[in-house]
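# Topology and contacts: notes
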Amino acid sequence: MKAELLKRFTAILTAVIIAFCGCAQRPRPILSAEELLEERGTIPEIGIYNKLQDIRLITYDVIGNSPGVDLPDSSDGMDGCGFVTVPTGEWTLVLRDWNTFDISAYIPKGSITFWAKGNSGGEDFSIGIQDCNRDRLTEEKSVYSWKKVSEYSAITSDWQKISIPLADFFDGTGLDSSCIWTVRIGRSDGDVRISNLRITSSDKEPSVPSVKVNQLGYRSKGEKTAVVSGFYEDLKCSENTEFDAIDAESGKSVYSGRLTLADGYDSRYSGETVYIADFTKLKTDGEYYITVDCDGIERSAKFRIGSELYNNLLCIIGKYYYYQRANTALEEEYAGVYARASLHDEDLALGFLSDRSKTKDVSGGWFDAGDFGKYVDTGATSVADLLLAYISFPEVFKDGMENIPESGNGIPDILDEVRYELDYFLKMQDSDGGIYHRVHPDDGTRAIVDSFTDGDGGNIKSTGTTANACAAFALASAVYKDFDGEYAESLKKAARSCWEYIKENPGISSTGPYSTTETEHQTFYAACALYYSEGLQEYHEYIKSNYRKYEDGFSTTQFGHSSDNMKKIAYALYLASSDCDREIKGWISEKYESWKAQMLDTANGNAWNTPLPEWGIWWGSNSHALETGMEMYLLDRYLGENTSEAEALCEKVLSFVLGENPIGKCMVTGVGENPIKRTYSGIFGTDGIEEFPAGYTSGGFNSLDASLVSRFPLKCFTDTALDWVSNENAIFYQSALIFSVALQADKG
């Protein structure tokens, strides 16, 4: 006991020293706007800090050509801007790399502005805007609106600035401002140059002061908070403003409290002033909403309090994998209005990329995300997440809960669904034990990808892919032995065959989607999974010789996991094995405690309880935050530590995903009063059905690839059918969500 206390004290002291030295991010002081003014001499400048960003379409840094010698000087706002000659045809300019963009906020005060110069004057050309609305129940998904420049200004032989009001493009044209896709220039009748083309507005980003809640609801015995936030110049409430929890049926207040300040100015994540309404003491089951005694703040979305909420949600989000099944017809009995014929049946006899005359049955498995690729690496990550959810919380996974064809066979539906993916992996295994990387249209035609560079001869099986599949097989064999011993044995055999291939073929990398170049850490992950499953000394000896190599998995820049980084999951599986080495356990514990302290420090140091730093809000951010809680729970559990901090983090992150976020949307389709309407999906994006299946989650906020959407990381999201950088579904996003929901369902 003393040794354990000393170890924990050392870990905490180390974290404190790191923070003091500036190596770790410390929680910033939480100040009101008035305190910010008093202490720092400044508060955000109205009209500047949250102004809509210019959408730059033709500038020097965008088009990359010479600025030209005859452009106006910097005093005219032209410094550093390149130019192009307007074509007689049409030139397409994308706003967000072919993702659609909601420009509704730009329209009232916005315009398309540019500088133009004709060769002799009197020339003309046109500018157009195109939308792309996949929900249109017509064959043509785009509407175009064109305006002639001459309607707004005559072009002369001198450079001049011209503006066209954005509203003119939308007046009676049917153009949908929520999903703008491209700007077009062209139809020139002479020699015209154009430069510094932008969409601009003097308005600020949209942000209505509002109450954000977990739109599914809260466990009767759990913590219950709502977030009240908005730009500080718009938010009129203050600390101690009263709020009420209103019974939705009677309309009467059943609980009253006062707001507490979480952040006077959240400059890092949302740009808003943030208050918290804590109503944890309300434990009576029912449906409610929150009101705030302040002008301009409408009631929250409705939510429920109860003990079965997450069990019901688990049924909805688990059905996702049935909808993602490849190469099988979905029957109306199970899919309802989303019944469909089998997709990509060429997988039953698919050619190899290196030799299309050679074919193999690689049918089955799940379509990875919004595309129709089938990637073993991401599939294996998803399988591991789902199996770990089942191992951790077996009582919440029932047979028949998802209404799939296998329901009623005595096996939990989640395991039936995992088996559908595992069977695909088995088909992707070659006779030498190696696993092919993916099924994907690498050259425009669907194929089994077995070639990564010109001249490699084909039949290449990546070491990393094989290792990821090996871990999935090993973990699954330990689970399925309680349901189907013969199948479990086949998985064990496949895992061992993978291991032999890995030993004989180290370091074979892959390229393309979900590729890997360094494969040793994936081999370590496979060894840990095999040792967890079988306990053989061969695997233990490998672990003993290599476990210190991957401590970077506990780097404070490592939050969540992926097919190319399963290091913390590997350590968790080792700790879960029946006989782990005490020295290795102590080493893992030491490295883990420092990482855990930083994750909790970050989560507790911001108003939104995310363990991700503001610079880490990138592709798949929701899943990274969920996975961080998952990893923390598993490592605490298998180290024999108290899991309460990990459970609290999982609950807070899940509430964030379900609506307690800066845009106030539930990030799961069909859940709550204000959910995302859709995700980017090749299956459902063009199926002609206006509705979208319930239970799909998206990758979430992405300040790296969707930075044009907002100045603030936790607002970089668009709810459109054609945004794959923030609103795409993925099998490994979904598995992270299922783990966290299963944890809440298990707590009841």
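Residues numbered from 1 in each chain as written. Predicted model: local features only at pLDDT ≥ 70, side-chain atom pairs only at ≥ 80, totals over all residues. Heavy atoms only, no water.

Bringing the packing of aromatic side chains into the picture now. Across all of its chains, the model carries 54 aromatic pairs by this definition. Between the aromatic rings of Tyr320 and Tyr696, the centroid separation amounts to 4.5 Å while the plane-to-plane angle is 70 degrees, which identifies the pairing as edge-to-face. A residue pair is termed long-range when its members are at least 10 positions apart, and Tyr320 in helix α6 (residues 320–323) and Tyr696 in the loop between α17 (644–657) and α18 (731–747) qualify at 376 residues. With a relative accessible area of 0%, Tyr320 lands in the buried category. You can call Tyr696 buried: its relative accessible area is 0%. Plain terms: the ring middles of Tyr323 and Tyr696 are 6.5 Å apart, the flat faces sit at 35 degrees to each other, and that makes the pair tilted. Within this pair, whereas Tyr323 is found in helix α6, its partner Tyr696 is found in the loop between α17 and α18, the two being separated by 373 residues in sequence. For the pair shown, Tyr323 and Tyr696 are each scored as buried. Residue placement shows Arg187 over the ring face of Trp146; its charged tip is 3.7 Å from the ring centre. (Phe/Tyr/Trp six-rings, centres within 6.5 Å; stacked < 30°, edge-to-face > 60°. Helix = DSSP H or I, 4+ residues; strand = E, 2+ residues; numbered from the N terminus. Buried < 20%, exposed > 50% of the residue type's maximum accessible area, 1.4 Å probe, protein only. Lys NZ or Arg CZ within 6 Å of the ring centre and 35° of its normal.)

Taken as a class, soluble globular proteins show a tendency for nonpolar side chains to be buried jointly. With 147 residues, the main nonpolar core has Leu422, Phe473 and Tyr480 as its most contacted residues. In this structure, Tyr480 is in contact with Leu387, Leu415, Val418, Arg419, Leu422, Gly485, Tyr487, Ala488 and Leu491, ignoring residues within four places of it in sequence. Judged by nonpolar contacts, the second largest core, of 39 residues, contains Ile58, Leu93, Ile162 and Leu175. (Core = buried A, V, L, I, M, F, W, Y, C linked by side-chain atoms within 4.5 Å. Contact = heavy atoms within 4.5 Å.)

For the rest of this paragraph, the subject is the sheet that holds strand β12 (residues 225–230). Spatial ordering of the open sheet is given by β10-β12-β16-β15, a layout of four strands whose pairing is antiparallel. The sheet terminates laterally at β10 (210–212) and β15 (260–263), the two strands that pair on one side only. Across the sheet, the mean angle from the axis of one strand to that of its neighbour is 35 degrees, orientation sign disregarded. Bridge count for β12 against strand β16 (residues 273–278) is six bridges, and the pairing is antiparallel. (Pairing = 2+ DSSP bridges. Axes fitted to C-alpha atoms, helices over the stretch in contact; angles between N-to-C directions.)

The next thing to look at is the pattern of salt bridges. Applying the stated rule across the entire model yields 38 salt bridges. The closest approach of N and O atoms between Glu538 and Lys503, which form a salt bridge, is 2.8 Å. Of this pair, Glu538 sits in helix α13 (residues 537–546) while Lys503 sits in helix α11 (residues 485–504), placing them 35 residues apart in sequence. What makes Lys503 partly exposed here is its relative accessible area of 40%. Of the charged contacts in the structure, one is a salt bridge between Arg678 and Asp719, with a shortest N-O distance of 3.6 Å. (Salt bridge = Lys/Arg side-chain N within 4 Å of Asp/Glu carboxyl O.)

Time to look at unusual backbone geometry. Positive phi outside glycine occurs at Arg187, with the angle close to 60 degrees. In this structure, Arg187 sits in the loop between β8 (180–186) and β9 (192–201). With a phi angle near 55 degrees, His344 is a residue other than glycine that sits in the positive phi range. Turning to its location among the elements, His344 is positioned in the loop between α7 (332–335) and β19 (350–351).

As a further point, take the side chain of Ser740. Note that Ser740 resides in helix α18. With residues near it in sequence (within four places) discarded, Ser740 still touches Leu626, Cys650 and Leu654.

We now examine the packing of helix α8 (residues 376–392) against helix α9 (residues 413–427). At a minimum axis separation of 10 Å, α8 and α9 run at an interaxial angle of 150 degrees. What the angle tells us is that α8 and α9 run roughly antiparallel. Crossing hand, α8 versus α9: left-handed. Between α8, through Val376, Gly379, Ala380, Val383, Leu386, Leu387 and Tyr390, and α9, the contact on the second element is made entirely by Ile414, Leu415, Val418, Glu421, Leu422, Tyr424 and Phe425. For the contact of α8 with α9, the per-class residue count stands at twelve nonpolar, one polar and one charged. (Parallel < 35°, antiparallel > 145°, perpendicular 65-115°, else oblique. Left-handed = near helix turned anticlockwise from the far one by under 90°. Nonpolar A, V, L, I, M, F, W, Y, C, P; charged D, E, K, R; others polar.)

All right, on to the sheet that holds strand β22 (residues 438–440) then. Spatially, three strands are ordered β21-β22-β23 in an open sheet, and the strand pairing comes out antiparallel. Of all the strands in the sheet, the pair left with one neighbour each is β21 (374–375) and β23 (447–449). By the bridge criterion, two bridges tie β21 to β22 in an arrangement that is antiparallel. Directly across from Tyr375, in β22, lies its bridge partner Arg438.

In this section: the packing of helix α12 (residues 520–534) against helix α14 (residues 567–576). Any two packed helices are characterised by the angle at which their axes cross and by the distance between the axes. Running from amino to carboxyl end, α12 crosses α14 at an angle of 25 degrees, the nearest separation of the two axes being 8 Å. With respect to each other, α12 and α14 are oriented roughly parallel. For the element pair α12 and α14, the recorded crossing hand is left-handed. Along its contact with α12, which presents His521, Phe524, Tyr525, Cys528, Ala529, Tyr531 and Tyr532, the element α14 presents Lys567, Ile569, Ala570, Tyr571, Leu573, Tyr574 and Ala576. In terms of residue class, the contact of α12 with α14 is made up of twelve nonpolar, one polar and one charged.

Right, let's get into α9. The end-to-end C-alpha distance of α9 is 22 Å, a good match for the 21 Å that 15 residues give at a rise of 1.5 Å each. Judged by how many residues are buried, α9 sits mostly within the fold: eleven of 15 residues are covered. For α9, the complete set of buried residues consists of Asp413, Ile414, Leu415, Asp416, Glu417, Val418, Tyr420, Glu421, Leu422, Tyr424 and Phe425. Where α9 is buried, its residues contact α6, β21, α8, β22, α10 (463–480) and α11. (Expected span 1.5 Å × (residues − 1).)

Once that is clear, we can look at the pairing of β8. The element β8 is extensively covered by neighbouring structure, given that seven of its seven residues are classed as buried. Sheet topology places strand β5 (residues 126–131) next to β8; six bridges connect them, and they run antiparallel. Pairing of Ile129 across the sheet is with Val183, part of β8.

Another point: the side chain of Glu534. Secondary-structure assignment places Glu534 in helix α12. Engagement of the side chain of Glu534 in a polar contact is seen with the side chain of Arg496, the distance being 2.3 Å. In contact with Glu534, not counting residues within four places along its chain, are Lys492, Arg496 and Tyr539. (Polar contact = N/O pair within 3.5 Å; in protein donor to acceptor, adjacent residues only side chain to side chain.)

What follows covers the environment of Asp552. Summarising the element assignment, Asp552 is placed in the loop between α13 and α14. Judged by relative accessible area, Asp552 falls into the partly exposed class, the value being 40%. Along the sequence, Asp552 and Asp705 sit 153 residues apart, while their C-alpha atoms lie 26 Å from each other. Not counting chain neighbours up to four residues away, the residues in contact with Asp552 comprise Gln558 and Lys567.

On their own, these measurements won't tell you what the molecule is for.
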